[in-house]
Amino acid sequence: MKPAFFPLILVCLLAFAACTETANTSPAPPVESTSFDPAAFGENVLVFDTTMQMATIQHTLDSIFKPLSTREGHFSDLRYALMFKPGRYQLDIQVGYFMHIIGLGTSPRDVVIEGAVRSNSFRESGNVLINFWRAVENLTIQPTGSDNTNTWGVSQAAPMRRVHVKGNLRIHDGHYASGGFIADSKVEGTIDAGGGQQWYTRNSHMKNWTGGNWNVFFQGVPEAPAENWPESPVTTIATTDRIREKPYLVFENGTYLVRLPRLRDNATGTSWDQQDSTITMDAFHVAQPEKDNARTINKALQQGKHLLLTPGIYEVDEPIRIDSPGTIVLGIGLANLVATNGNSALEVADVDGVTIAGLLVDAGPKPSPLLIRIGEEGADTSHMHNPTFLFDVFVRVGGPFAGAAEKCLVINSSDVIIDHTWLWRADHGEGVGWDINRSDNGLVVNGDDVIAYGLFCEHFQQYQTLWSGEGGKVYFFQCEMPYDPPTIESWGHNGIHGYAAYKVADSVQTHQAYGVGIYNVFYDAHVIVDQAIECPPHIEDDFHHIITFWLNGMEESEVRSIINGKGAAVNINNRKATL
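Numbering of residues begins from 1 in every chain and follows the order in which that chain's sequence is written. Owing to the predicted nature of the model, reporting of local features is limited to residues with pLDDT of at least 70; listing and counting of side-chain atom pairs is limited to 80 or more, with chain, interface and lining totals taken over all residues. Side-chain numbers come from the whole structure's heavy atoms, not from hydrogens or water.

Participant: How would you sum up the overall build of the chain? Please name residues and give values.
Facilitator: Counting from the N terminus, the helices are DSSP H or I runs at least four residues long and the strands are E runs at least two residues long. Broken down by element type, the chain carries two helices and 44 strands. Each principal axis of the C-alpha atoms in the chain carries an extent, and together these give about 65 × 55 × 45 Å. For every residue, the accessible area (1.4 Å probe, protein chains only) is compared with the maximum for its type, and the residue is labelled buried under 20%, exposed over 50%, or partly exposed between those bounds. Each of the 579 residues in the chain was classed as buried or not, and the buried ones make up 65%. The contact criterion used throughout is that any non-hydrogen atoms of two residues lie within 4.5 Å. When contacts within the chain are restricted to residue pairs at least 6 apart in sequence, long-range pairs at least 24 apart make up 64% of them. Total accessible area computed for the chain in this model is approximately 19300 Å², and 48% of it derives from carbon and sulfur atoms. Here the chain carries 40 positive and 66 negative side-chain charges, and the mean point of each set is 4 Å from the other. Only the protein chains shown count as cover for residues, with accessible areas throughout obtained via the Shrake-Rupley method and a probe of 1.4 Å. Under the convention used here, Asp and Glu are negative, Lys and Arg are positive, and both His and the chain ends fall outside the count. The atom standing in for a charge is NZ when the residue is Lys, CZ when it is Arg, CG when it is Asp and CD when it is Glu.

Participant: Residue-level account of the nonpolar core, with values.
Facilitator: In a soluble, globular protein the nonpolar side chains are often hidden away together inside. Take the buried Ala, Val, Leu, Ile, Met, Phe, Trp, Tyr and Cys residues and link them wherever side-chain atoms come within 4.5 Å; each set so joined is a nonpolar core. Among the nonpolar cores identified, the biggest contains 79 residues, and Leu-309 and Phe-543 are the most heavily contacted of them. If you look at the next biggest cluster of nonpolar residues, it comprises 53 residues, including Val-47, Ile-279, Ile-417 and Phe-456.

Participant: Report on the pairing of strand E21 (residues 284–287), specifying residues and quantitative values.
Facilitator: The criterion for strand pairing is that DSSP finds at least two bridges linking the strands in question. Bridge analysis of E21 against strand E22 (residues 306–309) gives four bridges, and the strand direction is parallel. Across the sheet, Ala-287 pairs through a bridge with Leu-309, a residue of E22. Once you follow E21 into helix H2 (residues 294–302) and on to E22, the crossover reads as right-handed. When the strands point away from the viewer and the path from the first strand over the helix to the second turns clockwise, the crossover is right-handed.

Participant: I'd love a proper account of helix H1 (residues 54–65), names of residues and values included.
Facilitator: In this analysis, the expected span of each helix is defined as 1.5 Å times one less than the number of residues it contains. Here H1 contains 12 residues, and its C-alpha end-to-end distance of 16 Å stays within 8% of the 16 Å for a straight helix at 1.5 Å per residue. Looking only at H1, the buried set comprises Met-54, Ile-57, Gln-58, Thr-60, Leu-61, Ile-64 and Phe-65. Taken down its axis, H1 places every buried residue within 160 degrees of arc, on the same side. Exposed and facing more than 90 degrees away from the buried side of H1 are Ala-55 and His-59. Throughout, the arc means that of the directions going from the helix axis to the C-beta atoms.

Participant: Could you give an account of the confidence of the model for the chain, naming the residues involved and the relevant values?
Facilitator: A residue's pLDDT is simply how confident the predictor is in it, with values from 0 to 100. On average, residues of the chain carry a pLDDT of 93, and 94% of them reach 70 or more. Considering only residues more than four positions removed or in separate chains, one finds that residues 1–33, a stretch of pLDDT under 50, has 89 contacts.

Participant: Which residues make up the sheet that holds strand E17 (residues 248–252), and what are the values?
Facilitator: The antiparallel open sheet is built from three strands, whose spatial order is E17-E18-E20. Single-partner strands in this sheet number two, and they are E17 and strand E20 (277–280). Each adjacent strand pair in this sheet contributes to an overall mean axis angle of 40 degrees, direction not counted. Here four bridges tie strand E18 (residues 255–260) to E20, and the two strands are oriented antiparallel to one another. In the sheet register, Leu-260 faces E20, and the bridge partner there is Ser-277. Interaxial angles span 0 to 180 degrees and are taken between N-to-C directions of axes, which are lines fitted to C-alpha atoms, for helices over the stretch in contact.

Participant: Tell me about the packing of aromatic side chains, and name the residues and values.
Facilitator: In summary, the pairing rule links any two rings of Phe, Tyr or Trp, Trp by its six-membered ring, whose centres are within 6.5 Å, and it sorts them by plane angle into stacked for under 30 degrees, edge-to-face for over 60 and tilted for everything else. Considering all chains together, one arrives at 33 aromatic pairs under this definition. Considering the side-chain rings of Phe-75 and Trp-133, the 5.8 Å spacing of their centres and the 50 degrees angle between planes classify their relative orientation as tilted. Of the two residues, Phe-75 is situated in the loop between H1 and strand E2 (80–84) and Trp-133 in the loop between strand E5 (111–118) and strand E6 (135–143); the sequence distance between them amounts to 58 residues. Summarising the aromatic geometry, the rings of Trp-133 and Trp-422 are spaced 5.9 Å apart at their centres and angled 35 degrees between planes, so their arrangement reads as tilted. Separated by 289 residues along the polypeptide, Trp-133 in the loop between E5 and E6 and Trp-422 in strand E31 (residues 417–425) bring together distant segments of the chain. Note on Trp-422: relative accessible area 1%, which makes it buried. Among the aromatic residues, ring-to-ring pairing joins Phe-75, Tyr-97, Phe-98, Phe-132, Trp-133, Trp-422 and Trp-424 into one connected group. The ring centre of Phe-98 lies 3.8 Å from the NZ or CZ of Arg-79, which sits over that ring. Any Lys NZ or Arg CZ found within 6 Å of a ring centre and within 35 degrees of that ring's normal is scored as a charge over the ring. Across the ring face of Phe-251, the terminal group of Lys-85 is positioned such that the distance to the ring centre comes to 4.2 Å.

Participant: Explain the sheet that holds strand E38 (residues 502–504) to me, and be specific about the residues and the numbers.
Facilitator: One open sheet holds the eight strands; their spatial order is E24-E26-E28-E30-E32-E34-E38-E41, and the pairing between them is parallel. The two strands at the open ends of the sheet, each matched to only one other strand, are strand E24 (320–322) and strand E41 (533–534). Where E38 meets E41, two bridges bridge the pair, whose relative direction is parallel. Bridging from a neighbouring strand, Tyr-502 pairs with Ile-533 of E41.

Participant: Would you mind going over unusual backbone geometry in detail, with residue names and values included?
Facilitator: Where the residue is not glycine, phi is negative for most of them; where a peptide bond is considered, it is trans in most cases. A cis amide bond, omega -5 degrees, links Gly-179 with the succeeding residue Gly-180. Considering the arrangement of structural elements, one finds Gly-180 in the loop between strand E9 (168–170) and strand E10 (181–183). Here the bond from Trp-229 into Pro-230 is cis, since omega is 0 degrees, no more than 30 degrees from zero. Turning to its location among the elements, Pro-230 is positioned in the loop between strand E14 (215–219) and strand E15 (234–237).

Participant: If you had to explain the side chain of Gln-156 to someone new, which residues and values would you point to?
Facilitator: With respect to the helices and strands, Gln-156 occurs in the loop between strand E7 (149–151) and strand E8 (160–165). Here the side chain of Gln-156 touches Gln-478 through a polar contact of 3.3 Å, side chain to side chain. The contact partners of Gln-156, leaving out residues within four places of it in the chain, are Leu-129, Asn-131, Phe-132, Trp-133, Ser-178, Gly-179, Gln-198, Trp-422, Phe-456, Glu-458 and Gln-478. Within 3.5 Å is the distance limit for a polar contact, defined as a pair of N or O atoms, with the added protein rule that one can donate a hydrogen and the other accept it, and that residues adjacent in sequence qualify only through two side-chain atoms.

Here it is, written out as structure tokens:
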């Protein structure tokens with residue numbers, strides 16, 4: 001599964017020298033910087049600057065986009081990070097599958113794209129229901145169309161971060177959409193969600209919002225619309241409890257650096273003007289898929305290095321192990337780990353302040369017990385003052401090829417914060433079937449005081465999400481139950497029909513969830529599910545703004561209640577229910 005590399009290479013050779021700080025609140029001893037050759041980023045990282053001809057850059061971008069713009073492209077082996085040094089560019093950047101558009105300024109204002117950075121449907125209908133696996137961050141878009149609108153028509157796993165849109169933003173393409181995620185951004189005009197099913201917007205600014213059907217969520221957004229649930233699908237939370245923004249690459253004074261934003265409590269709005277910690281590139285092991293494997297990566301990590309994963313597919317036959325506090329693992333270009341030997345792909349020890357960002361993880365054909373583990377089983381150390389963060393971590397079981405994993409993401413540590421994840425047992429593609437891409441759970445949380453901002457979790461064969469830790473909080477939950485139980489008898493447990501999408505263990509005393517959307521499509525059988533949510537009775541009222549929806553499938557299928565037998569059923573005759 002080695003990726004084919006695009007023949008065009010645009011890199012600039014520059015020397016590096018800078019001082020570094022730790023990624024948290026206490027300064028570390030200075031790290032001696034050594035020269036860094038940008039060729040280490042590899043063939044699928046292209047770096048552009050304003051000395052280049054715009055027509056040449058445009059031709060390169062169009063050539064990359066073409067094979068990644070079709071339905072076939074969405075399981076491609078190609079991966080690209082397309083990086084822009086500070087300056088102004090006149091470009092129409094079309095963003096397809098596995099394309100990551102990155103501005104290299106210290107502020108989003110430093111890289112300006114006059115034209116568009118757009119994601120459109122490859123279908124005539126404008127449907128973007130499978131516009132997955134792409135990203136844009138840390139730049140300004142100045143739309144040049146007559147309506148002053150930039151289109152970012154996407155669904156899952158397509159984050160927009162640290163982006164300034166000097167105009168309107170359309171997050172659909174005229175038809176169905178099932179997205180999506182914006183954080184730390186500013187839109188000077190209106191964000192138009194059209195008929196999009198759901199969307200999560202965090203710590204951003206906008207002038208206005210319109211559209212959205214089921215679950216439209218705002219957190220830390222001062223201009224967010226008011227709630228009027230359930231007549232309106234809006235949930236508005238004034239502040240974000242605890243957050244630091246995703247680390248980002250910059251090119252400053254002839255030097256590449258990684259910046260790590262500081263931790264904020266009760267945050268509103270963007271983080272752009274705060275003082276972020278800086279880390280020089282010599283503190284990183286810069287991995288390339290054709291040169292590195294789990295052993296070379298683990299050796300570098302054991303030597304105290306951070307890890308930057310360049311675009312491509314990394315087949316790992318043992319887990320990448322993060323044992324040192326404060327370690328950063330930063331993927332660019334949707335860097336992709338594949339567990340090939342029945343192993344986990346990534347394991348993090350129960351330590352302070354680890355950052356995992358920008359990763360796509362696939363289950364391999366040999367079943368794995370789990371794919372990502374944060375903290376050892378039984379971990380009980382508090383990390384309240386220096387939590388571990390997961391940003392834009394996406395996991396697939398099936399889709400590009402047959403794969404199986406009992407659990408995708410298991411969190412045993414306390415005080416872990418998830419900022420956007422999509423955990424997906426594939427419903428289409430290769431290696432898809434009830435007895436093929438086997439997977440019980442997307443997310444399992446055993447640690448205390450874990451927070452999830454933007455949790456997307458779909459199609460697993462038991463509980464989609466199973467939460468056993470105390471003090472958990474989920475802000476925005478998007479879930480589809482599995483499409484493919486073969487019979488009503490084959491899907492259930494202990495006399496209960498089906499499995500709840502969201503299960504809080506009976507032992508849990510405190511848990512909160514806001515903006516919970518659970519949908520069902522049962523194509524293959526007359527399936528009955530007794531409840532969409534199961535939890536201890538004393539926390540039922542701590543679930544806020546719940547919607548269940550019968551999308552499609554066998555006419556006799558039904559979800560009989562919303563939570564613990566309470567709330568209306570959804571079926572072909574009553575497709576929507578809310579609490």
